[in-house]
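Listed here are the chains, written in short residue letters.
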Amino acid sequence: MFESIANEAPQRDVERRLPRDRVAELKAAGLGRLRLSREQGGAGLALPDLFQLARDLSYADSNIAHAFRNHFFAVEEALRAPCEPLYARLLREAAEGRTFGLGFGNAPPKRAGEAPSDVTGRLEWRAAQGFYVGSGIKPYSTGNLYADWLLGPARESREEELVQYLASTSAPGVDLDDDWPGFGQKLTGSGNTRFAEVHIQAGDIYPTPARAAHNGTWRYTFHQVYLTNAIAGIARRIARDSVQLIHERRRNFYHGQADMPRDEAVLQAQLGRIAAHAGALEAVIERAILALAAAFDAYGSAQADALALAATLKATEAKIVADDIAPQLAGWLIDLGSGSVVTTEGALDRHWRNIKVISSHNPRLYKERFLGDHLLNGVLPPTGAFF
């Protein structure tokens, strides 16, 4: 399936053709439930193996891999506290092949770097109809186009309690039009999801799950690791495209030193450089993945916070390296073919565009500063998203 996705990825990018069919096939094949145990209806895949599979999918098409990010995180949250009513529901839905996106509700943090502590979302009870209604906008709604349920926080009007809700993507009032204006990751549906008095059933409202005493303070590191992992997949695709490009070229530059491009020393050296750096990116993200898995395994224990900090520092290091090197690999790929590979139809420029859009989540410059401040002064990283 991944190989088929990889073959059609360039044309999809050119045509901006949403991969709804491919996502549906992956869901039906069980991609969204791989982390569930066999008893829960899944495959019992270890977290590092899930990231490896996600990297393989990003190699094929980073749009599709990115679209599953929020679903995979919701499943991870549920797996760590499966007895919580909301999480038990999420695990049942995932076992049935359904996936999750994000709904409206989080308020911006009061201070930079803090995790959101309040919500703007509100659910009004309509007694005559027997359901709640909610309105709002969720910007940056990556993957929502392909999800079955949207998950978010809100205050409900009857008890004024902070709750979590599930809104069906097929519910009246959910607008999932593709309005993402980004120059990369064009097929992720990362634009706005609009909710206009969306019907939410009382049975889809849940109390906010309790957090364990030792829960790993930097709980959103998963997102950063996932994004950098996607960039590593793109880097591997660049290395493969580089080999294919040289193999398919039949004419060397007039100032070359060999009759065939594959025998040209300059191109051989450039290819070797691309392959080496792509391999190094996979190694550095593997290091962060293993640290994250250790932190997740320690959930609820006295070691959880220390391991979570170690994971976020390694994730920070991996992002800094990937964001610096990966765009260069995309440029070096074009160097291998020069003017003969800059066609729109070939879509080799999508690698650079996709890398830059993925890496724009919590920019590298801030990561470098936070890492340096920690090393010099012991200042802890922010606890908000993507750290």
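Residues numbered from 1 in each chain as written. Predicted model: local features only at pLDDT ≥ 70, side-chain atom pairs only at ≥ 80, totals over all residues. Heavy atoms only, no water.

S.K.: Describe the packing of aromatic side chains, listing the residues and the values that go with them.
M.R.: Within this structure, the stated rule accounts for 12 aromatic pairs. With a centroid separation of 5.7 Å and 45° between ring planes, the pair formed by phenylalanine 73 and phenylalanine 222 is classed as tilted. You can see phenylalanine 73 sitting in helix 5 (residues 69–80) and its partner phenylalanine 222 sitting in helix 7 (residues 221–248), a full 149 residues away along the chain. By relative accessible area, phenylalanine 73 is classed as buried at 10%. Overall, the relative accessible area of 0% leaves phenylalanine 222 in the buried class. Between phenylalanine 104 and tyrosine 165, the aromatic rings sit 5.3 Å apart at their centres with planes inclined by 35°, giving tilted as the arrangement. Within this pair, whereas phenylalanine 104 is found in the loop between strand 1 (100–102) and strand 2 (122–126), its partner tyrosine 165 is found in strand 5 (residues 162–168), the two being separated by 61 residues in sequence. By relative accessible area, tyrosine 165 is classed as buried at 0%. (Phe/Tyr/Trp six-rings, centres within 6.5 Å; stacked < 30°, edge-to-face > 60°. Helix = DSSP H or I, 4+ residues; strand = E, 2+ residues; numbered from the N terminus. Buried < 20%, exposed > 50% of the residue type's maximum accessible area, 1.4 Å probe, protein only.)

S.K.: Report on the nonpolar core, specifying residues and quantitative values.
M.R.: Leu123 and Phe222 are the most contacted members of the largest nonpolar core, which has 60 residues in total. Per-element accounting of this core gives the leading share, 9 residues, to helix 8 (residues 265–297). Those residues in contact with phenylalanine 222 that sit more than four places away from it in its chain are Leu47, Phe51, Arg69, Phe72, Phe73, Glu76, Leu292 and Phe296. Grouped together as the second largest cluster of nonpolar side chains are 26 residues, Ile231, Leu267, Ala278 and Ala326 included. (Core = buried A, V, L, I, M, F, W, Y, C linked by side-chain atoms within 4.5 Å. Contact = heavy atoms within 4.5 Å.)

S.K.: Tell me what's going on with helix 7, and back it up with residues and numbers.
M.R.: Under the 1.5 Å per step criterion, the end-to-end length of helix 7 is 41 Å for 28 residues, consistent within 8% with the ideal 40 Å. Of all 28 residues that make up helix 7, 22 are buried, and the element is covered over most of its length. (Expected span 1.5 Å × (residues − 1).)

S.K.: Describe the pairing of strand 7 (residues 193–201), naming the residues involved and giving the relevant values.
M.R.: Sheet topology note: the strand 3 (residues 131–138)/strand 7 ladder contains 7 bridges and is antiparallel. What sits directly across from isoleucine 137, in strand 7, is arginine 194. Two elements, strand 6 (residues 174–175) and strand 7, share 2 bridges in a ladder whose sense is antiparallel. Looking at the pairing, valine 174 lines up with phenylalanine 195 of strand 7. (Pairing = 2+ DSSP bridges.)

S.K.: Lay out the pairing of strand 4 (residues 149–156) with the relevant residues and their values.
M.R.: Taking burial as the measure, the 8 residues of strand 4 include 7 buried ones, the bulk of the element. In the sheet, strand 1 pairs with strand 4 via 3 bridges, with the strands oriented parallel. The residue of strand 4 that forms the bridge with leucine 102 is leucine 151. Sheet topology note: the strand 4/strand 5 ladder contains 7 bridges and is antiparallel.

S.K.: Go over the packing of helix 7 against helix 9 (residues 304–337), please, and point to the residues and values.
M.R.: Close contact between helix 7 and helix 9 brings their axes to 9 Å; oriented N to C, the two are set at 25°. Between helix 7 and helix 9, the crossing angle belongs to the class labelled roughly parallel. The way helix 7 lies across helix 9 gives a crossing that is left-handed. Class assignment for the residues of the contact of helix 7 with helix 9 results in 15 nonpolar, 6 polar and 3 charged. (Axes fitted to C-alpha atoms, helices over the stretch in contact; angles between N-to-C directions. Parallel < 35°, antiparallel > 145°, perpendicular 65-115°, else oblique. Left-handed = near helix turned anticlockwise from the far one by under 90°. Nonpolar A, V, L, I, M, F, W, Y, C, P; charged D, E, K, R; others polar.)

S.K.: Tell me about the packing of helix 7 against helix 8, residues and numbers included.
M.R.: Running from N to C, helix 7 and helix 8 point in directions that differ by 160°, and their axes come no closer than 9 Å. In terms of orientation, helix 7 lies roughly antiparallel with respect to helix 8. By crossing handedness, the relation of helix 7 to helix 8 is classed as left-handed. Residues that form the contact of helix 7 with helix 8 fall into these classes: 19 nonpolar, 4 polar and 2 charged.

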